[in-house]
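Each chain is listed here by its residues.
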2 protein chains.
Amino acid sequence: MAGRLEPTTSARAGEVVRLPPGSRDILPEEAAELRTITDALTSLFMESGYGEVRTPALEYTDVLARGILGDVAPSYRLVDDRGAWLELRSDMTVPLARVAATRYPGHDGPLRFWYTETAYRPVPALQGRSRELLQSGVELFGVEGAEGDAEVLALTARALERTGLPGARLVVGDARLSETILAGAGVDADTIAAAHHALVNGDHVLLERLLAGAGVPADRARELAATLRTRGGADILTTHADQLGEPGHELAATIARVPSAQRERIIVDLGLVRDLGYYSGLVFQVLDPAVGEPIGGGGRYDELVGRFGDARPAVGFALAIDSVHRAQAAKGTTR
Amino acid sequence: MAGRLEPTTSARAGEVVRLPPGSRDILPEEAAELRTITDALTSLFMESGYGEVRTPALEYTDVLARGILGDVAPSYRLVDDRGAWLELRSDMTVPLARVAATRYPGHDGPLRFWYTETAYRPVPALQGRSRELLQSGVELFGVEGAEGDAEVLALTARALERTGLPGARLVVGDARLSETILAGAGVDADTIAAAHHALVNGDHVLLERLLAGAGVPADRARELAATLRTRGGADILTTHADQLGEPGHELAATIARVPSAQRERIIVDLGLVRDLGYYSGLVFQVLDPAVGEPIGGGGRYDELVGRFGDARPAVGFALAIDSVHRAQAAKGTTR
């Protein structure tokens, strides 16, 4: 493992040749290991009928801003030679939604795209997070509901097989579940929105306090918070069916469609939410016991493509290559 | 051939979803062809003992500025969250020189690095040039003179074999040749510098005028300009030996070391100069009859690494993947 985050010193009069915090050089030994991962994913995606798409790293800010369906993600912005604002892409889903809408207008069948590209995210110093995030992933356009969701979940699971991560799991939920659960318990919309933020931050203490503040009796608030913490097999969708409504039915149908070898990696999380605002249905994170944060994730974003042209359903996932590498290294399964 | 430069329109109320001029999306058919090219180069570089290096796209401007040994290239700059200037790399040679100096201080043997990365160059609108330039190339550190130069020239020629460009040629010179020729004819240093700029722009009319203005008799000025336009086999280094001094001897020795199968692609150009200021010896361009501008190039830059740490000799080349693809497409040799 070479190429860590420390600034390195030059031999010139003690001056320091630094890299921006959160970015680093990748030297040959590590680069070869990362390339083994991306090559394995490339093969899988191509075998699975996906075609590679590349987009510019720099796009107009007002174009990318159409993809904002929630909080604005921090991004690197600059002014070009003609006074227009440009921005370094902070994810690949928004540019690929733009491609689907503008390059394939009126296209009938499904579109299957894959990419291995870098996304750029300004991060506070000293947090150890990466500013330049190499990701491999897919976006599937034009396939609705359980059919598209199951295809992407199964492909994610196969990606974990190919990269040699037997312990990695897909923690799966639906962006509408927490709202369904809370609205069904009579919680008002403002509290639901605040609860959503608490769930993004995993703050269940705040969640209970919010519910109590909204007039929910304390033991009922504790019960709801417990439901939103519930993780387990697909059977919890049955046992909680009366609280989960249509999103619960759809998620159960999706999981049933995933081939059993891949389904074994799936864990249902009734309170899973993701911080990207464009998710409209299925959401999931890829967790590996060797890495302290998600190594990937994805979900359905049926409202996004229409921001750039003809609307169409969409679902996708991405793996952070560096995180996959750390997961491999931690269990000594680097292949 | 998909993914051209035209802005595309969205279906939404006639609003246009544009990309910045000079950038574009690459759709699956073309992306697969580009990947065939980069895969072929990856295999060649790895067989040849080179190791992949990746560097951040964004670096501190004051670090990259150490690599400026001539005119400042235009670049995309922005201010980070702590008020420091960052810049998107405009080539890969400067970052890899930084890596050699700072990550391998005191390293004795040669270092052989390859990369496939994007460089970012602000370009005036309407010129049809790319803002985001995908390049594959190598840098060889620690091997001096003819030995290192011949290795890189032979590798460049093999890269053209692997990518199926039988008509592509290496037009080879030495950054010191024009100065040697002009100084040997008694031309002063200021005029030599101005003549260098005229050669970069291929302006031989201006060149003759500059020489005449510096007091060189008209027929002698015409003769010198003709010498600086001379292209041919390695034999022109012998026929002009009295004007070419040590750089001419070195270039002849370099070419003699290139295996004959690769040597056949080499054309000597006595007046070849490149616009990057860091070249200190060998310079070359890769030309293909199907493409109107160089599809690649390289050279020796022995003064650059010392700007970041311990000095060491260095030579490298890069191919512009998009240009290689255009050359293939024009002759129908896409493989």
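Calculation notes
Residues numbered from 1 in each chain as written. Chains lettered and ligands numbered in written order. Predicted model: local features only at pLDDT ≥ 70, side-chain atom pairs only at ≥ 80, totals over all residues. Heavy atoms only, no water. Helix = DSSP H or I, 4+ residues; strand = E, 2+ residues; numbered from the N terminus. Rg over C-alpha atoms; globule rule 2.2 N^0.38 Å. Buried < 20%, exposed > 50% of the residue type's maximum accessible area, 1.4 Å probe, protein only. Contact = heavy atoms within 4.5 Å. Areas by Shrake-Rupley, 256 points an atom, 1.4 Å probe, with all protein chains shown as cover. Lys, Arg positive; Asp, Glu negative; His and termini not counted. Charge placed at Lys NZ, Arg CZ, Asp CG, Glu CD. Least-squares fit on C-alpha atoms with pLDDT ≥ 70 in both. Expected span 1.5 Å × (residues − 1). Bend = angle between axes of the 7 residues up to and from the residue. Buried area = accessible area lost by both parts, 1.4 Å probe. Salt bridge = Lys/Arg side-chain N within 4 Å of Asp/Glu carboxyl O. Polar contact = N/O pair within 3.5 Å; in protein donor to acceptor, adjacent residues only side chain to side chain. Nonpolar A, V, L, I, M, F, W, Y, C, P; charged D, E, K, R; others polar. Core = buried A, V, L, I, M, F, W, Y, C linked by side-chain atoms within 4.5 Å. pLDDT = per-residue confidence, 0-100. Pairing = 2+ DSSP bridges. Axes fitted to C-alpha atoms, helices over the stretch in contact; angles between N-to-C directions. Phe/Tyr/Trp six-rings, centres within 6.5 Å; stacked < 30°, edge-to-face > 60°. Lys NZ or Arg CZ within 6 Å of the ring centre and 35° of its normal.

## Digging into the overall build of chain A
Scanning chain A for helices and strands turns up 12 helices and 14 strands. In terms of overall dimensions, chain A is globule-like: its C-alpha atoms have a radius of gyration of 21 Å, near the 20 Å expected for 335 residues. Here the C-alpha coordinates of chain A stretch approximately 70 × 50 × 50 Å along the principal axes. Classification of the 335 residues of chain A by burial places 55% in the buried group. Sequence separation of at least 24 residues holds for 69% of the intrachain contacts in chain A that already meet a minimum separation of 6. Accessible surface, chain A as shown: approximately 13300 Å² in total, 49% of it carbon and sulfur. Across chain A, the centroid of the 35 positively charged side chains sits 4 Å from that of the 46 negatively charged ones.

## Quick word on the relation of the copies chain A and chain B
By a simple turn and slide, chain A fits onto chain B: the slide is 0.0 Å along the axis, the RMSD is 0.0 Å, and the turn is 180°. Seen this way, the second copy is the image of the first under a two-fold rotation axis. Closest approach to the rotation axis among the C-alpha atoms of chain A is made by A:L78, whose C-alpha sits 2.8 Å away.

## Description of helix α10 (residues 241–257) of chain A
Residues and elements named next belong to chain A. Between its terminal C-alpha atoms α10 stretches only 18 Å, short of the 24 Å expected from 17 residues at 1.5 Å a residue. The largest bend in α10 comes to about 75°, at P247. Of all the positions in α10, only L244, P247, G248, L251, T254 and I255 are classed as buried.

## Regarding the interface of chain A and chain B
The interface of chain A with chain B comprises 62 residues on the first partner and 62 residues on the second. Contact between chain A and chain B buries roughly 5300 Å² in total, counting both sides, with carbon and sulfur atoms accounting for 56%. The largest per-residue losses of area from chain A upon contact with chain B belong to A:R35, A:R54 and A:R103, which jointly make up 13% of the total buried on that side. Between chain A and chain B we count 6 salt bridges in total. Notably, a salt bridge pairs A:R35 with B:E52, separated by 2.6 Å at the nearest N-O pair. At the boundary of chain A with chain B, the tally comes to 10 residue pairs in polar contact (both at pLDDT 80 or more). The residue inventory of the side of chain A that touches chain B, partitioned by class, reads 30 nonpolar, 11 polar and 21 charged.

## Comments concerning the nonpolar core
Among the nonpolar cores identified, the biggest contains 70 residues, and A:F113, A:F141, B:F113 and B:F141 are the most heavily contacted of them. Ignoring anything within four residues of it in the chain, the contact list for B:F113 reads A:P28, B:Y50, B:G51, B:V53, B:L96, B:V99, B:A100, B:Y104, B:G137, B:V138, B:E139 and B:F141.

## A look at the confidence of the model for chain A
Residues and elements named next belong to chain A. Looking at chain A, the pLDDT average stands at 90 and 93% of residues meet or exceed 70. In the model, residues 1–14 has pLDDT below 50 throughout and makes 36 contacts with residues more than four positions away in sequence or in other chains. For this predicted complex, the interface confidence score (ipTM) comes to 0.91, while the overall pTM stands at 0.91.

## Re the sheet that holds strand β12 (residues 282–287) of chain A
All names here are of chain A. Taken in spatial order, the 9 strands of this open sheet run β3-β7-β8-β14-β13-β12-β9-β11-β10, and their pairing is mixed. Bordering the open sheet on either side are β3 (51–52) and β10 (231–232), each of which pairs with just one other strand. Across 4 bridges, β12 lies against strand β13 (residues 296–300) in antiparallel orientation. From the neighbouring strand, V283 faces β13, where its bridge partner is G299. Of the strands in this sheet, β7 (111–120), β8 (132–141) and β14 (314–320) touch helix α1 (residues 28–47), which is tilted by about 10° from β8.

## Focus: the packing of aromatic side chains
Residue and element names in this part refer to chain A. Scanning the model with the defined rule gives 14 aromatic pairs over all chains in all. Seen in terms of ring centroids, F45 and W114 are 6.0 Å apart; in terms of plane orientation they differ by 45°. Their pairing is tilted. You can see F45 sitting in helix α1 and its partner W114 sitting in strand β7, a full 69 residues away along the chain. Pairing F45 with F317 gives two aromatic rings, centres 6.2 Å apart and planes at 75°, and the pair type is edge-to-face. With F45 in helix α1 and F317 in strand β14, the pair connects residues that are 272 residues apart, well separated along the chain. Considered together, F45 and F317 belong to a single accessibility category, that of buried residues. Taken together, Y104, F113, F141, Y278, Y279 and Y301 form an aromatic cluster joined through their ring pairs. Sitting over the ring of Y50, R112 keeps its end group 6.0 Å from the ring centre.

## As for the side chain of B:D269
Residue and element names in this part refer to chain B. Relative to the assigned elements, D269 resides in strand β11 (residues 266–269). Residue classification places D269 among the buried positions, given a relative accessible area of 8%. Dropping the residues within four chain positions of it, D269 is found in contact with V171, V172, G173, L228, T230 and R231.

## A look at the pattern of salt bridges
Any two side chains of opposite charge can pair, given that their charged atoms come close. Applying the stated rule across the entire model yields 38 salt bridges over all chains. The partner of A:E223 in a salt bridge is A:R220, with the nearest N and O atoms 2.8 Å apart. With a gap of 3 residues between them, A:E223 and A:R220 both fall in helix α8 (residues 218–228), about one helical turn apart. Residue classification places A:E223 among the partly exposed positions, given a relative accessible area of 47%. Residue classification places A:R220 among the partly exposed residues on the basis of a relative accessible area of 31%. Of the charged contacts in the structure, one is a salt bridge between B:E30 and B:R24, with a shortest N-O distance of 2.8 Å.

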